[in-house]
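The primary structure of each chain is shown beneath.
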Amino acid sequence: MTDTNIPAETATAPVYSVPQERRIVTAIPGPKSEELHARRTKVVSAGVSSALPVYIERANGAILVDVDGNRFIDFGAGIGVTTVGHTEERVVAAAASQLQDVIHTLFTITPYEEYVRVAELLAKHTPGGWEKRSVLVNSGAEAVENGVKIARKHTGRRAVAVLDHAYHGRTNLTMAMNYKASPYATGFGPFAGDVYHAPSSYPYRDGLSGQDAAARTIAYLEKVVGASDLACLVVEPIQGEGGFMVPAQGYLPILQQWCTEHGVVMIADEIQSGMARTGRYYASEHFEWKPDLVLSAKGIAGGLPLAAVTGRAEIMDASQPGGLGGTFGGNPVACAAAIAVFESIEENHLLAEAERIEQTLRTGLERLKQRYDIIGDIRGRGAMIAIELVQPGTADTTKVPNAEAVSRLVAFAAQHGVLFLSAGTWGNVLRFLPSLAVTDALLEDGLRVLDDGFASLG
Ligand SMILES: *Cc1c(COP(=O)(O)O)cnc(C)c1O
């Protein structure tokens, strides 16, 4: 979208209200952030933590501005939420206009067009050419909960299967579906039953082909659960919190085929990987996987809370009228923003932008990998790219996780105006999850800071 070959009169290059450059003018966190943090600890639960306690006053494009006037390059995008860019102009205009017209009626009392339009867009852009239906809800975890409800109703079965290294949310059911107990579940039980954790595909660590990894997953499901009791298998096509694991080619379609043969609903949790993030509307498309149900959230409404379950009409329509819904689900303002997000993806050519971002990041990260042998793996798709760090000298052999290096790099980058998120079952993954508005100049600048960070590890 910064392509200078486009004649000026037809260019749709966005105008940024915040300079797209990092700038550090105080200690990090600065004095005003420190002050706010002191107030916060007196009133906000200690159970809610902040990765980087700088208090943000403005955000635009790929830049966050804190209360002390520091500007950060945002490689987190609120965990892949502001995919179209912070305060993207179409999203702002659509939401502002909707605020004037209708803020809330409750779709299950008196409906409105925006909800229907979002469902039409989801039917069009989710994988699979069949007839589809959607339900709109408020959060990713709520979409997961509804996906499971719908699959259970359709199949009349009880069991839910997930994969190792999965992350699905913080509600009671989804806590039971996560791989990692700490910090998400520790002490918060008892948990929902009938949730089974099957082995996944993690090429860097298991070295298995898609076929062999799928055979291992299926063997587990058949022996430990039994297909006839299994309502659904919930899978992130590229695992998010787990560390951006890209499954071996063939893995997902083989699982889908097994699910179809046994009447199991296969659900794609595309909450992090969907909505143009990976250079496709949905990451499932990279693997020729057409899931029965698709879950959207995070990036769908440009930062407003909205989530969806979308899928095969016969599965989605199995629920009794009144069985699905919720007070705020499919709020008109969030829906108006989501419609603008779909427009922004088309008009700003964001699928291509995601591929540009992948090229720039891969080139830069491959260069770093030549020089720093603790980079064990570079993986991901589009603007969902990560590096997995291991102890020196173990990258090709024992691959011993190196969480300390990730923490130190994240801290170093923050001090220099770059916001990175960590990830991974062992906390040893550094992820790039920028908005698709991020320029190559910002990516290069961020990579330079990362290079300095690696050098500083000694
Ligand atoms: C973030 C996330 C969720 C949970 O979404 P919330 O909106 O935080 O409830 C579920 N699945 C995946 C893959 C996620 O990344």
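The chain has the name (S)-3-amino-2-methylpropionate transaminase in an unreviewed UniProt entry, where Agromyces mariniharenae is given as its organism. Entered under Pathway (unreviewed entry) in the UniProt record, the comment concerning the chain runs "Amino-acid degradation; 4-aminobutanoate degradation."

Please clarify how the pairing of strand S8 (residues 265-269) should be interpreted in this entry.
On a regular strand, one side chain projects to one face of the sheet and the next to the other, so that they alternate. Counting buried positions along S8 gives 5 out of 5 residues, so the element sits mostly inside the fold. Across the two faces of S8 the burial is the same, with Val 265, Ile 267 and Asp 269 and Met 266 and Ala 268 all buried. In this sheet, S8 lies alongside strand S7 (residues 230-235) in parallel orientation, the contact comprising 4 bridges. By the bridge assignment, Cys 232 is partnered in S8 with Val 265. Once you follow S7 into helix H9 (residues 251-261) and on to S8, the crossover reads as right-handed. Where S8 and strand S9 (residues 293-296) come together, 3 bridges link them in parallel fashion. Bridged to Asp 269 within S9 is Leu 295.

For this particular structure, what's the right way to read the site of the ligand?
Surveying the vicinity of the ligand reveals the residues Ser 139, Gly 140, Ala 141, Tyr 167, His 168, Glu 236, Asp 269, Ile 271, Gln 272 and Lys 298. Gly 140 places a polar main-chain atom, nitrogen or oxygen, 2.7 Å from an oxygen atom of the ligand. Lys 298 has a polar side-chain atom sitting 2.6 Å from an oxygen atom of the ligand. Within the complex, 82% of the 380 Å² of free accessible area of the ligand lies under protein. Here the residues of the shell around the ligand sort into 3 nonpolar, 4 polar and 3 charged.

Can you help me understand the domain arrangement of the chain in this one?
Reports often express the size of an interface as the amount of accessible area lost when the parts come together. We note that the domain assignment places domain 1 (31-74 + 351-456) and domain 2 (91-347) within the chain. With 31 residues of domain 1 in contact, the opposing surface of domain 2 contributes 26 residues. For the pair domain 1 and domain 2, the summed buried area comes to about 2300 Å², and 57% of that belongs to carbon and sulfur atoms. It is Leu 351, Arg 381 and Met 384 that lose the most area in domain 1 upon contact with domain 2, and together they represent 33% of the buried surface on that side. At the boundary of domain 1 and domain 2, one finds 3 salt bridges. Two residues, Glu 241 and Arg 431, come together in a salt bridge whose shortest N-O distance is 2.9 Å. Applying the counting rule to domain 1 against domain 2 returns 16 residue pairs in polar contact (both at pLDDT 80 or more). Secondary structure elements with two or more residues in the side of domain 1 that touches domain 2: helix H12 (350-371), strand S11 (375-381), strand S12 (384-389) and strand S15 (429-432). No other element matches the 5 residues that S11 contributes to the side of domain 1 that touches domain 2.

About the criteria used
- Throughout this description, residue numbers start from 1 for each chain and increase along the sequence as written.
- Only residues with pLDDT of at least 70 get local features here, since the model is predicted, and only at 80 or more are side-chain atom pairs given and counted; chain-wide, interface and lining totals rely on the full set of residues.
- The side-chain quantities take in all heavy atoms of the structure and omit both hydrogens and water.
- UniProt positions are given in the numbering used here, feature names are shortened, and annotations may be inferred rather than shown by experiment.
- Relative accessibility thresholds used throughout: buried, under 20% of the residue-type maximum; exposed, over 50%; partly exposed, between the two (1.4 Å probe, protein chains only).
- Only runs of H or I of at least four residues qualify as helices and only runs of E of at least two qualify as strands under DSSP, and these elements are numbered from the N terminus.
- At least two bridges found by DSSP between two strands are what make those strands a pair.
- Crossover handedness is defined here as right-handed if the route from the first strand over the helix to the second strand goes clockwise, with the strands pointing away from the viewer.
- For each residue, the test is whether any non-hydrogen atom lies within 4 Å of the molecule or strand; if one does, the residue is near.
- Any pair of N or O atoms that falls within 3.5 Å is considered a polar contact. Within protein, one atom must be able to donate a hydrogen and the other to accept it, and sequence-neighbouring residues count only if both atoms are side-chain atoms.
- Only the protein chains shown count as covering a residue, and every accessible area follows the Shrake-Rupley method with a 1.4 Å probe.
- Three categories are distinguished: nonpolar for Ala, Val, Leu, Ile, Met, Phe, Trp, Tyr, Cys and Pro, charged for Asp, Glu, Lys and Arg, and polar for the others, with Gly belonging to the last.
- How far each domain reaches was decided by an automatic or database domain assignment.
- We call two residues contacting when some pair of their heavy atoms lies within 4.5 Å.
- Defined here as a combined quantity, buried area equals the accessible surface (1.4 Å probe) lost by two parts on assembly, summed across both.
- The term salt bridge refers to a side-chain nitrogen of Lys or Arg lying within 4 Å of a carboxyl oxygen of Asp or Glu.

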